[in-house]
Each structure stands twice: as C-alpha cells, then as structure tokens.
Amino acid sequence: EGMAPPKRILFPPEKICMVWQQRQSAGAGLFNVGNTCFLNAVLQCLTYTPPLANYLLSREHSQACHQQDFCMMCIMEAHVNKVLHSSVSAILPLPVLRVFRCIGEHFQPGREEDAHDFLCCTVNAMQRACLGASSDLDISSQSTTIVHQIFGGFLRSRVTCFSCKAISDSYEAFMDVPLDIKAASSLTAALEDFVTPEHLDGENCFKCNTCKKNVAASKRFTVHCAPKVLTVCLKRFDCFTGGKVSKVVEYPEYLDLRPYMSEADGEPLHYSLYAVLVHSGLSCHGGHYFCYTKASNGLWYQMDDESVELCCIDTALRQQAYLLFYAR
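Every value quoted in this text rests on a predicted model; they were computed, and no experiment measured them.

### Focus on the overall build of the protein
Thought 1: Along its length, the protein carries 11 helices and 16 strands.
Thought 2: Here the protein has a C-alpha radius of gyration of 21 Å; the compact-globule value for 328 residues is 20 Å, and the two agree.
Thought 3: For the protein, the C-alpha atoms occupy an extent of roughly 65 × 45 × 40 Å along the three principal directions.
Thought 4: Within the protein, the fraction of its 328 residues that count as buried is 47%.
Thought 5: Once local pairs closer than 6 in sequence are excluded, the contacts in the protein between residues at least 24 apart make up 67%.
Thought 6: Entry remark: accessible area of the protein is about 15300 Å², with carbon and sulfur atoms responsible for 52%.
Thought 7: In the protein, the 28 positive side-chain charges and the 33 negative ones have mean positions that sit 4 Å from each other.

Listed below in structure tokens is the structure:
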C-alpha cells in the first residue's frame, strides 16, 4: 500500500523457511588473527540466522551462481557449511578474510573495525551478489532477493502540514534499525522515541506542495513493511568522539513490533531474540566484540572468538548489547 509492486520476483517468498531444517548443537568457534573479533562476532550472528542458514546449507546459491569474481553469497555459503559441519572446535574464517577489502574498501587488515559497519557491508555485499546483473531493477524488485526478504523492510516517513493538514509520504528500504539510546533505558522506549513525531519549524520547516510555501509540520517515521529478521543497532558510539554510551538498555526475549508499524492496530507482530552482539571497552577505537547466539537445538551459547560455551538465556539478556537480532 502506497508503494509500487515489484516488476520481477527474484526469489520466491514461500521458499524462505524461518525454522531450522536441521537441529544440532553449536558449531565451531572462529580464530582471531589480530583484531578480528568484530568479524568473528558478526559472522556467528549471521550463521545462526535460521532462514539464511537454511538457504546456505542447501547450497542452492552456489549451484546456480554464474559470477566470475567476488560473490559474498558463495563465501557465506562455504563459511556457514564449514562452521556448522566442522568436527573441530574452532576454524579460521579464511575465505572471508581473503575478501575483506571487497566487503568494504575502507576496511584495513589488522585494524579494529566497527561491528555494525562490518555487518552492514556484509549484508549489502550479499544483496549485491543476489542482484548480480539485475541491478538496474526498480527498488520494489530489488527488495525481492532472499537477502532483502530476510533482513529488509521499509520505513514510511509521513510529513503532515500544520496549515492545510496535507500528508506527504515517502518510503525507504532498510536492512537494520539504528536506535538512539541516550534518553532510553529499554529497547521498547528507544522504539517509542523512534516513532515519536518530530516538529519541523523555523530553519527546519517543510515546503508544502499544497500551501506552496514553507510551513510548520510534523514528521513521523514508522515501520511500513516489517522484516522477517529485525536487526537493531543500539547507537552506543558518538560519531565525533568515538566515546561510548555504556548504560544498561534492557531488551526482551520476545518483542511485538506492531505498536511501531504504520498500521498499528492489526494483529501482533511477534519476534524472538536469537543473537546478541556485545562490545566491551570504553570507546569504538578499542575493546572487544563477542556474541551470544541461539543454536538450532534451542540452546544459547556464548561465542568469543574460538571459545563456544553453553550459557543460559538470562545471561544473554543481561548484556550491554550493541546489536540485537530478532526473528519473526
């Protein structure tokens, strides 16, 4: 509603399976080769994303892939199969390390990078791999890749003119939702802030097409199309200083996204937490990344580079989370 339908469907939505097809305990840990904890933690969170893992374990992508050079989907397929089928306790994520600069050209080997940045670049590289030669498609068709159907959604930005009450809607695709936590003590409070209307006035006023002049207005973001996997980044790092917001932000095991949707009155939209990525340290320039993930056997594990240890859900819920992963 409000958005053009796709001209082409690149991956049939009914083939996406949200529940694990194979049940097993956690797979291998990942060796750190010098400041690669951010990469290890992100890869583990992606490996335990059920619809992505189901697809990659089927090896369907590589069987049909015709890309000659760098293909992030082929690399992730090989990585996930190796981690989940490994007979050793830890492996080196060499295929990913080899294409590190292809994932993001600003990445420098040996330097501690930001885990959220690496996640965005990895998911975008997977999306590009799925588009292949079809990158000239309309935005609705681009959102029908398996990657966008898993991680992607659409936000609606609605501006309402205070003078004539005219409404102007625009839509943007997203792969994750960054949330300001300076004033919020919980994930739900941060989501509440995210959908609270912003007042546009003075220098920041709105040019109304109906009134034909600059006017005061309100602007409100809502989730218009909900993703199958909701990835939330709690904005812990100051853009300018790199300093860290080290406060506790509570997050639930089960989340209802319905109150933050454009259509807030429908059925509940239930999500279940399956991974938590944590940064320990005082600033984005240093510290350590590790994560907690829920394996296909339903148990939680702490994954800290090569170490994979069974833990309880309560431990996973009490962390100073940086990235949260929820599945429908």
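### Quick word on the side chain of Arg156
Thought 1: Positionally, Arg156 belongs in strand E3 (residues 153-161).
Thought 2: Nearest to the buried, unbridged Arg156 among oppositely charged side chains is Asp169, at 4.2 Å.
Thought 3: Setting aside its immediate chain neighbours within four residues, Arg156 contacts Asp169, Ser170, Tyr171, Arg220, Phe221, Thr222, His224 and Ser262.

### Side note on the packing of helix H4 (residues 72-84) against helix H7 (residues 115-131)
Thought 1: Relative orientation of the contacting elements H4 and H7 amounts to 115°, with a least axis distance of 7 Å. The residues of H7 that touch H4, namely those facing Met72, Met73 and Met76, are Thr122, Ala125, Met126, Ala129 and Cys130.
Thought 2: Here the residues of the contact of H4 with H7 sort into seven nonpolar, one polar and no charged.

### Let's talk about the nonpolar core
Thought 1: Counting 62 residues, the largest nonpolar core has Met73, Phe118, Phe151, Leu277 and Tyr289 as the members making the most contacts within it.
Thought 2: Dropping the residues within four chain positions of it, Phe151 is found in contact with Leu46, Thr49, Leu52, Val123, Met126, Phe174, Met175, Pro227, Val229 and Thr231.
Thought 3: Counting 32 residues, the second largest nonpolar core, distinct from the first, contains Leu155, Leu230, Leu234 and Leu257.

### Observations concerning the side chain of Asn81
Thought 1: By secondary structure assignment, the location of Asn81 is in helix H4.
Thought 2: Reaching out from Asn81, the side chain makes a polar contact with the backbone oxygen of Glu77 at a distance of 2.8 Å.
Thought 3: Apart from residues lying up to four places away in sequence, Asn81 is in contact with Leu56, Leu57 and Arg59.

### Some words on H4
Thought 1: For H4, with 13 residues, the first-to-last C-alpha span of 18 Å sits near the 18 Å given by 1.5 Å per residue.
Thought 2: Counting buried residues along H4, 10 of its 13 residues qualify, which places the element largely inside the surrounding structure.
Thought 3: Turning to H4, its buried residues are Met72, Met73, Ile75, Met76, Glu77, His79, Val80, Asn81, Val83 and Leu84.

### Side note on the pairing of strand E10 (residues 229-235)
Thought 1: Judged by how many residues are buried, E10 sits mostly within the fold: six of seven residues are covered.
Thought 2: Pairing of strand E5 (residues 177-180) with E10, which is carried by four bridges, proceeds in the parallel orientation. Residue pairing across strands places Asp180 opposite Lys235, the latter belonging to E10.

### Observations regarding the packing of aromatic side chains
Thought 1: The final tally for this structure, using the stated rule, is 12 aromatic pairs.
Thought 2: Taking the centre distance of 5.1 Å and the plane angle of 70° together, the rings of Phe237 and Tyr322 count as edge-to-face. Placement of the pair is Phe237 in the loop between E10 and strand E11 (254-256) and Tyr322 in strand E16 (residues 321-327), with a sequence separation of 85 residues.
Thought 3: Judged by its relative accessible area of 15%, Phe237 falls in the buried class.

### Considering the sheet that holds E3
Thought 1: With respect to topology, four strands assemble into an open sheet ordered E4-E3-E9-E6, the strand pairing being antiparallel. Each having just a single partner strand, strand E4 (167-174) and strand E6 (198-200) make up the two edges of the open sheet. Pairs of neighbouring strands in the sheet enclose a mean axial angle of 30°, with direction left out of account.
Thought 2: Pairing between E3 and strand E9 (residues 217-225): eight bridges, direction antiparallel. Paired with Arg158 across the strands is Arg220, a residue of E9.

### Considering the environment of Lys182
Thought 1: Tracing the backbone shows Lys182 in the loop between E5 and helix H10 (187-194).
Thought 2: It is 9.9 Å that separates the C-alpha atoms of Lys182 and Ser246, two residues lying 64 residues apart in sequence.

### A short note on the pattern of salt bridges
Thought 1: In this structure the tally under the stated criterion is three salt bridges.
Thought 2: The shortest N-O distance in the salt bridge between Arg111 and Glu113 comes to 3.1 Å.
Thought 3: Arg111 gets classed as partly exposed once you look at its relative accessible area, which sits at 37%.
Thought 4: Residue class for Glu113 comes out buried when judged on its relative accessible area of 6%.

### Notes on H7
Thought 1: Over its 17 residues, H7 extends 24 Å from the first C-alpha to the last, a length consistent with the 24 Å expected when each residue adds 1.5 Å.
Thought 2: Along H7, the positions that sit buried rather than exposed are Ala115, His116, Phe118, Leu119, Cys121, Thr122, Val123, Ala125, Met126, Gln127, Ala129 and Leu131.
Thought 3: Between the side-chain oxygen of the N-cap and the backbone nitrogen of His116 there are 3.2 Å, and the N-cap of H7 in question is Asp114.

Analysis parameters
- Residues numbered from 1 in each chain as written.
- Predicted model: local features only at pLDDT ≥ 70, side-chain atom pairs only at ≥ 80, totals over all residues.
- Heavy atoms only, no water.
- Helix = DSSP H or I, 4+ residues; strand = E, 2+ residues; numbered from the N terminus.
- Rg over C-alpha atoms; globule rule 2.2 N^0.38 Å.
- Buried < 20%, exposed > 50% of the residue type's maximum accessible area, 1.4 Å probe, protein only.
- Contact = heavy atoms within 4.5 Å.
- Areas by Shrake-Rupley, 256 points an atom, 1.4 Å probe, with all protein chains shown as cover.
- Lys, Arg positive; Asp, Glu negative; His and termini not counted.
- Charge placed at Lys NZ, Arg CZ, Asp CG, Glu CD.
- Salt bridge = Lys/Arg side-chain N within 4 Å of Asp/Glu carboxyl O.
- Axes fitted to C-alpha atoms, helices over the stretch in contact; angles between N-to-C directions.
- Nonpolar A, V, L, I, M, F, W, Y, C, P; charged D, E, K, R; others polar.
- Core = buried A, V, L, I, M, F, W, Y, C linked by side-chain atoms within 4.5 Å.
- Polar contact = N/O pair within 3.5 Å; in protein donor to acceptor, adjacent residues only side chain to side chain.
- Expected span 1.5 Å × (residues − 1).
- Pairing = 2+ DSSP bridges.
- Phe/Tyr/Trp six-rings, centres within 6.5 Å; stacked < 30°, edge-to-face > 60°.

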